[in-house]
Amino acid sequence: MPALDGIRILDMTQYEAGTSCTQALAWFGADVVKIEPPEYGDPGRGVGRTGNIDYSQYFCAWNANKRSVALNLRSEEGRELLLQLVPNFDVFVENYGPGVIEKLDIGYDVLSKINPGLIYARIKGFGVDGPYSNFRCMDMVAQAAAGAFSITGEADGPPMMPGPTTGDSGTGVQAAMAILAAYIQRERTGEGQEIELSMQEAMIYYVRTRAYIGSAWGTRATRRNGNAGGLPPVNIYPCKPFGPNDYIYLMPVNEGHWDGLCAGMDRPDLLVDPRFADIRSRAQHGDELYAEIRDWCSERTKYEAMEAIAGAGVPCSACLDTGELHHDKHLKERGFIHEMDLPVHGTVPMLGFAPRLSKSNVDMERPPHLGEHTDQVLAEELGLKESALSALRDAGSIGDATRFS
């Protein structure tokens, strides 16, 4: 059975920080019902300048394995429907901007009176209190506020935007972990609770290594090092045919790795070269060592270079681009890539989820259209008949499930 079979989640999230949280729980088997405004739904549905406002690639990335219910929470009837659903669910998750939940009057103080066992999770850019609490936040804003920009880029260049969206999805995974911890506590006490996460604080978790190693307990700033993530020869190296991502990243950090690198390159002469005799010597002659490895790599593709060097026991990888991820032979053989037939997009490779449980399996299901499950959920949970659903739809309190199909 799925690990979280029976756990039910009301998902009032948008974009990525909240949606990544609830999707992670859905992939463990939780029943996730996504609550969306009827007109356009989660704004993430239209991200990427897509011509289809309902089903963007971005939305598909973060909303598989969920059901969608379209409720107009600004109407009295729509809000009342949400309140009627709350007793049937274990968890409520929201990541709306500052003040939105309070304006809708669906805060923890309101919902916990209806369901005292409710676990209520809130994801905010800078938390719900403090001098910055009313500031709006997006992924890279959180990363800038957490120091991630300051440690990314070339040593003599400005701070640089990191590539991964860990400000959002990294916060979401922490929120999911907190929800599971609260659920285990509820199993012992019978009590629900409120969970609050600041995206800034969550993102700081991912810069802890660089902050602790480089800042001397906050007395200085950690320096940027570009791709030189350690002592020579740690760096990236260009490979043929010299496209924008035809590089390997090489990270030998001890003498065993150095021996393996020389063996993988079939360059035993480097082992006896006095310029590279030990770590200190290699640091002093870093430019010459880089040139030796660069010349060797330039005669090989990044995959050939990786397989030779990594095969010799040295930490190393080709710099895979995002297109290659969808077709990587290793990821495909491990079952991480899921071929799915999606509305709008057709048959496409969907990237999977890393955790694997030996006694829990959940198949990936396609992301929902806006309001696709409105009638189903309201009929099952609240016993509403077709006539009542039609009246609610006519009044604009719920969405039309067929609008985008």
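Residues numbered from 1 in each chain as written. Predicted model: local features only at pLDDT ≥ 70, side-chain atom pairs only at ≥ 80, totals over all residues. Heavy atoms only, no water.

(A) Looking closely at the packing of helix 1 (residues 17-27) against helix 7 (residues 166-189). The geometry of helix 1 relative to helix 7 is characterised by a closest axis approach of 7 Å and an angle of 45° between their N-to-C directions. Regarding the angle of helix 1 to helix 7, the classification is oblique. Here helix 1 runs over helix 7; the crossing is right-handed. Listed contacts from helix 7 to Ala 17, Ser 20, Cys 21, Ala 24 and Leu 25 of helix 1 are Asp 168, Ser 169, Gly 172, Ala 175, Ala 176, Ile 179 and Leu 180. Classifying every residue of the contact of helix 1 with helix 7 by side-chain character gives 8 nonpolar, 3 polar and 1 charged. (Axes fitted to C-alpha atoms, helices over the stretch in contact; angles between N-to-C directions. Helix = DSSP H or I, 4+ residues; strand = E, 2+ residues; numbered from the N terminus. Parallel < 35°, antiparallel > 145°, perpendicular 65-115°, else oblique. Left-handed = near helix turned anticlockwise from the far one by under 90°. Contact = heavy atoms within 4.5 Å. Nonpolar A, V, L, I, M, F, W, Y, C, P; charged D, E, K, R; others polar.)

(B) A look at unusual backbone geometry. For the peptide bond that leads from Pro 232 to Pro 233, omega is 15°, which places it in the cis range. Within the secondary structure, Pro 233 sits in the loop between helix 9 (208-214) and strand 7 (235-238). Here Lys 240 and Pro 241 are connected by a cis peptide whose omega angle stands at 5°. Mapping Pro 241 onto the fold places it in the loop between strand 7 and strand 8 (247-250). Even without being a glycine, Asp 105 presents a positive backbone phi close to 60°. Turning to its location among the elements, Asp 105 is positioned in the loop between helix 4 (100-104) and helix 5 (108-114). The class for Asp 105 is partly exposed, based on a relative accessible area of 39%. You will see that Phe 242, though not glycine, has its phi angle at about 65°, which is positive. (Buried < 20%, exposed > 50% of the residue type's maximum accessible area, 1.4 Å probe, protein only.)

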